[in-house]
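Chains, contacts and geometry: an overview
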Amino acid sequence: MDTPAKPRVVKCPTCGSGVEWGPQSPYRPFCSDRCRLIDLGAWATDQYRVAGETPLDNESDPLASGPH
Ligand SMILES: [Zn+2]
């Protein structure tokens, strides 16, 4: 009986889809480069920083709301 080498399949930690553990999956254990970045937090951190950094200088302008 020959025992064919079964490709080891792992789950992508980000989206949970099956990823073949081999040279055809350069981003293993992630399914794609995008999932890898999401898991690392670099992508999410960057998004949060841009969203939370709203400049308040434009709203409180002393020259615009001064006494007439
Ligand atoms: Zn994925």
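**What about the coordination of the zinc ion?**
Protein-derived ligands of the zinc ion are Cys12 (SG), Cys15 (SG), Cys31 (SG) and Cys35 (SG), with the metal-ligand distances lying across 2.3 Å. One can describe the site at the zinc ion as tetrahedral: its four donor atoms subtend angles covering 103 to 117° at the metal. We note that the donor set of the zinc ion lies within a single chain, spaced as C-x2-C-x15-C-x3-C. We classify cysteine 31 as partly exposed; its relative accessible area is 35%.

**Here's the deal with the packing of aromatic side chains**
With the rule as written, the count across this model stands at zero aromatic pairs. The ring of tryptophan 21 has arginine 28 sitting right over it, with the charged end atom 5.5 Å from the ring centre.

**Comments concerning the nonpolar core**
Counting five residues, the largest nonpolar core consists of Val10, Cys12, Val19, Phe30 and Cys35. In this structure, valine 19 is in contact with Arg8, Val9, Val10, Cys12, Ser25, Arg28, Pro29, Phe30 and Cys31, ignoring residues within four places of it in sequence.

**What about the pattern of salt bridges?**
One pass over the structure, following the stated rule, counts one salt bridge. A salt bridge links arginine 36 to aspartate 33, with the shortest nitrogen-to-oxygen separation between them at 2.9 Å. Taken together, the positions of arginine 36 and aspartate 33, both in helix α1 (residues 33–40) and three residues apart, correspond to about one turn of that helix. Assessed through its relative accessible area of 31%, arginine 36 is described here as partly exposed.

**A look at unusual backbone geometry**
Residue arginine 28 is joined to proline 29 through a cis peptide bond whose omega torsion reads 5°. Following the sequence through the fold, proline 29 ends up in the loop between β2 (18–20) and α1.

Calculation notes
- Residues numbered from 1 in each chain as written.
- Predicted model: local features only at pLDDT ≥ 70, side-chain atom pairs only at ≥ 80, totals over all residues.
- Heavy atoms only, no water.
- Donors = N, O, S within 2.8 Å, 3.2 Å for Na, K, Ca; no water.
- Tetrahedral: all angles 85-135°; square planar, octahedral: opposite > 155°, others 65-115°.
- Buried < 20%, exposed > 50% of the residue type's maximum accessible area, 1.4 Å probe, protein only.
- Phe/Tyr/Trp six-rings, centres within 6.5 Å; stacked < 30°, edge-to-face > 60°.
- Lys NZ or Arg CZ within 6 Å of the ring centre and 35° of its normal.
- Core = buried A, V, L, I, M, F, W, Y, C linked by side-chain atoms within 4.5 Å.
- Contact = heavy atoms within 4.5 Å.
- Salt bridge = Lys/Arg side-chain N within 4 Å of Asp/Glu carboxyl O.
- Helix = DSSP H or I, 4+ residues; strand = E, 2+ residues; numbered from the N terminus.

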